[in-house]
Amino acid sequence: MNFSTAHAAAGLVDAFADAAPEVREAKFRALVDGLWHEGELSPAALAAVPSLVAALEGADHDSQGHLAILLGLLAEAEYPAAGPVTEEIRAHLGLYLDLVRTDGIGTPLTLALLYLLAHFPADRDTILTATLDLGLEPEDLSRLHRGLSELDPERPDLGRVWPSPSAWTLNEDERAFDASWIKALSGEQIRAAWENDTRTVLGCIGARAYWAVRNGDPQDAPAATVPDRSNASAPPADTSLFAPHTGALRCPACRGTLEPGEDLLNCTGCTARYPAANGILDLTAPATGDGAVDDFLEKLSQVPSMGLFYEAVARPSFLRVSGSNWGGQVSPADEDHYLATHIRPVDGPVVDLAAGAGRWTTVIAETVGADRLVAVDSSLPMLNVLRGRLPDVPSVLAGASELPFADASVGAVVCWNALQAFYHEAEEAITEVGRILRPGGTFTVLTFRRSEDPVYSYFQSAHRFPQHDGGLQLFDPEDLNRWLAAAGLTVSEESGPGTFVFLTAVRDDQEETRS
């Protein structure tokens, strides 16, 4: 070990350990910056571990929480391998277990130690035995179990880890659905999916623990249950539901107008035909053959009920991580109020872009009227649930980067907790919103900014959902404002606690529409 490197690392640790409470966060930031950056270890990391462990043993609870988080970050930087830093940290497992079993250490330190312990699957049985009597919340315990699990290639248990494994109760159809897609994966894909799931779990444990260390006990999430799966199917409807909006709807292939038939919408500008069933219009590809509608109905009958789980369980937890909302600063009622007071449509339909399963589509419908509303999403399971909830609102299966509406034809657009879901297409989507909005129409958004704290930002990006294999990406406000301005949209209101972004923009006057 290089003496100067070890000496410098010890100096950073001592500066944090000796810091007064009012400068603790600044000293911790300096310590983190000296040992770790965006998931990568600095050359001083290995040399710092003995000093970090010694400080952990003698510090007060607040400082111990910070140090446990940092030791976990250093170990995670070597995942999926257990490198020299991880092994050096793991050598002191007995200390971590003694600390976590100590009465009166409080929730923040307990959570921080659980994050650290979750990185040692080789010691799974020892750790689980030591934490058995801690009275952990079921969600925390199930995350710890999953963090300490190792892949069984013969019986891989993939997915269903967010926001915690204990949140999932699967019926027979859902288990069969999981088995079918897992069976189609190669060994390499199974390994990659397992590692993505593990990073997602560790990210949630870490985000909750780090917020608690800095802010105090997190607020318990409201109890949530997934509604009866039998309610996931939408009632039937014909193409007449789309008739009031054909003046705005356009063919994705040629931008021609669409005319409703019995069970298809036909383009007047080309030969494209698009199936509509259960009040959902599929604009992802033109219909082919006489059985197109039957094929679409069959697809609808097979979609999983993820939309129900998303609203009841996954979405509130997503807001806690992405919005730093562990203290419950933003409630569903706050979201409802913002929508009701900031959507100001001019003439034309109102588009709920990336509408999801329809919880906030309901609020929009109450604000502007269901007869004006068109829901758009790229997920058929989500729209299927939305249609069951809102039988008077037509739904369109389409992407966000090429919206199927005419220039300057729409009175308002809402994109609520969704822009980050298509991060790489967000600029194109905002350009499209500017194109379809009429002058004076509003664009109302809930999304999230990347935390300025590098540790919390890391935990935000650790989440690897299906559309975020490389990790969840969130926005810099400067990028959002630049894209909005380029699309002819002027921000009229922007707010949000934590890392929330509540935003309303208005379409500027247009002398001529853009192609």
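In the block above lies the structure referred to throughout.
Residues numbered from 1 in each chain as written. Predicted model: local features only at pLDDT ≥ 70, side-chain atom pairs only at ≥ 80, totals over all residues. Heavy atoms only, no water.

Novice: What's the story with the overall build of the protein chain in this structure? I'm lost.
Specialist: Assigned secondary structure in the protein chain consists of 19 helices and 13 strands. Considering only residue pairs separated by 6 or more positions, the protein chain has 70% of its internal contacts joining residues 24 or more positions apart. (Helix = DSSP H or I, 4+ residues; strand = E, 2+ residues; numbered from the N terminus. Contact = heavy atoms within 4.5 Å.)

Novice: What am I meant to see in the pattern of salt bridges here?
Specialist: Once the charged atoms of two side chains with opposite charge are near each other, the side chains can pair. In total, this model carries 17 salt bridges according to the counting rule given. Note that aspartate 476 and arginine 450 form a salt bridge whose closest N and O atoms lie 2.7 Å from each other. One end of the pair, aspartate 476, is in the loop between α18 (454-461) and α19 (477-486); the other, arginine 450, is in the loop between β11 (437-448) and α18, and 26 residues separate them in sequence. Here the salt bridges do not stand alone but share partners, grouping Arg24, Asp60 and Asp62 into one network. (Salt bridge = Lys/Arg side-chain N within 4 Å of Asp/Glu carboxyl O.)

Novice: Mind showing me how you'd approach the pairing of strand β8 (residues 373-377) here?
Specialist: Two faces, one strand: in a regular strand the side chains alternate between the faces of the sheet. Of all five residues that make up β8, five are buried, and the element is covered over most of its length. With burial as the criterion, each face of β8 is covered, one bearing Leu373, Ala375 and Asp377 and the other bearing Val374 and Val376. With respect to chirality, the unit in which strand β7 (residues 350-353) leads through helix α15 (residues 359-368) into the neighbouring parallel β8 is right-handed. Pairing of β8 with strand β9 (residues 395-397), which is carried by three bridges, proceeds in the parallel orientation. (Buried < 20%, exposed > 50% of the residue type's maximum accessible area, 1.4 Å probe, protein only. Right-handed = clockwise from strand over helix to strand, strands pointing away. Pairing = 2+ DSSP bridges.)

Novice: When you look at the sheet that holds β8 in this model, what are you seeing that I'm missing?
Specialist: Hydrogen bonding along the main chain pairs the strands of a sheet, whether they run parallel or antiparallel. As summarised here, the arrangement of the 11 strands in space is β3-β4-β5-β6-β9-β8-β7-β10-β11-β13-β12, forming an open sheet in which the pairing is mixed. On the outer flanks of this sheet lie β3 (258-260) and β12 (489-495), each paired with one strand and no other. Neighbour-to-neighbour, the strand axes of the sheet open up by a mean angle of 20°, direction not taken into account. Two elements, β12 and strand β13 (residues 500-507), share six bridges in a ladder whose sense is antiparallel. Residue pairing across strands places valine 491 opposite alanine 505, the latter belonging to β13. This element, α15, spans β7, β8 and β10 (410-416) of the sheet and lies at about 170° to β7. Across the sheet, α19 is in contact with β11, β12 and β13; its angle to β12 comes to roughly 150°. (Axes fitted to C-alpha atoms, helices over the stretch in contact; angles between N-to-C directions.)

Novice: Help me out: how do you make sense of helix α6 (residues 93-100) in this one?
Specialist: Quick reminder: α-helices carry 3.6 residues per turn. Residues three or four places apart thus point the same way. In terms of residue burial, α6 counts as a mostly covered element, since six of its eight residues are buried. Residues of α6 that are buried include every one of Leu93, Leu95, Tyr96, Leu97, Leu99 and Val100, and no others. Contact partners of the buried residues in α6: α3 (45-58), α4 (61-76), α5 (84-90), α7 (107-117) and α8 (124-130).

Novice: Looking at this structure, how should I read the packing of α7 against helix α11 (residues 187-215)?
Specialist: Relative orientation and spacing of two packed helices are given, respectively, by the angle between their axes and the distance between those axes. Where α7 meets α11, the axes come as close as 8 Å, and the angle between the chain directions of the two elements is 150°. Judged by the angle between their axes, α7 and α11 are roughly antiparallel. The two elements α7 and α11 meet at a crossing, and its hand is left-handed. Contacts between α7 and α11 involve Pro108, Leu111, Ala112, Leu114 and Tyr115 from the first element and Leu202, Ile205, Gly206, Arg208, Ala209, Ala212 and Val213 from the second. Here the contact of α7 with α11 is composed, by residue class, of 10 nonpolar, one polar and one charged. (Parallel < 35°, antiparallel > 145°, perpendicular 65-115°, else oblique. Left-handed = near helix turned anticlockwise from the far one by under 90°. Nonpolar A, V, L, I, M, F, W, Y, C, P; charged D, E, K, R; others polar.)

Novice: What am I meant to see in the nonpolar core here?
Specialist: As a rule of thumb, soluble globular proteins bury nonpolar side chains together. Within the largest apolar cluster, 99 residues are counted, with the highest numbers of intra-cluster contacts made by Leu31, Leu52, Ile69, Leu74, Ile89, Tyr96 and Phe459. Here this core takes 10 residues from α11, the largest share from any one element. Isoleucine 89 has contacts with Val49, Leu71, Leu74, Ala75, Tyr96, Leu116 and Phe120, leaving out every residue within four places of it along the chain. Counting 47 residues, the second-largest nonpolar core is a separate cluster that includes Ala400, Val410, Ala418 and Phe443. (Core = buried A, V, L, I, M, F, W, Y, C linked by side-chain atoms within 4.5 Å.)

Novice: I keep staring at the packing of aromatic side chains and nothing clicks. Help me out?
Specialist: For any two aromatic rings, the description comes down to two numbers: the centre-to-centre distance and the angle of the planes. The tally for this structure, following the rule as stated, stands at 15 aromatic pairs. Ring plane angle 20° and centroid distance 5.9 Å describe the contact between phenylalanine 500 and phenylalanine 502, whose orientation is recorded as stacked. Note on accessibility: phenylalanine 500 and phenylalanine 502 belong to one class, buried. Among the aromatic residues, those joined into a cluster by ring pairs are Phe16, Phe28, Trp36, Tyr115, Tyr210, Tyr458 and Phe459. Looking at arginine 146, its charged tip hangs above the ring of tryptophan 194, at a distance of 3.5 Å from the centre. Across the ring face of tryptophan 360, the terminal group of arginine 359 is positioned such that the distance to the ring centre comes to 4.1 Å. (Phe/Tyr/Trp six-rings, centres within 6.5 Å; stacked < 30°, edge-to-face > 60°. Lys NZ or Arg CZ within 6 Å of the ring centre and 35° of its normal.)

Novice: In this structure, what is going on with the pairing of β7? I would like to understand it.
Specialist: Side-chain alternation along β7 places Val350 and Asp352 on one buried face and Val351 and Leu353 on a second face that is also buried. With three bridges connecting them, β7 and β10 associate as parallel partners. Note that in β10 the partner of aspartate 352 across the bridge is valine 414.

Novice: Before we go on, may I ask you to explain unusual backbone geometry in this structure?
Specialist: Note: most peptide bonds trans; most residues except glycine with negative phi. Residue proline 80 follows tyrosine 79 across a cis peptide bond; omega there is 10°. For proline 80, the position within the fold is in the loop between α4 and α5. The amide bond that connects tryptophan 162 to the next residue, proline 163, takes the cis arrangement and shows omega of 0°. When you line up the elements, proline 163 lands in the loop between α9 (138-147) and α10 (172-183). The backbone of arginine 255 shows a phi angle near 65°, a positive value even though the residue is not glycine. Its place among the elements puts arginine 255 in the loop between α11 and β3. With a phi angle near 50°, alanine 408 is a residue other than glycine that sits in the positive phi range. You can see alanine 408 is positioned in the loop between β9 and β10.

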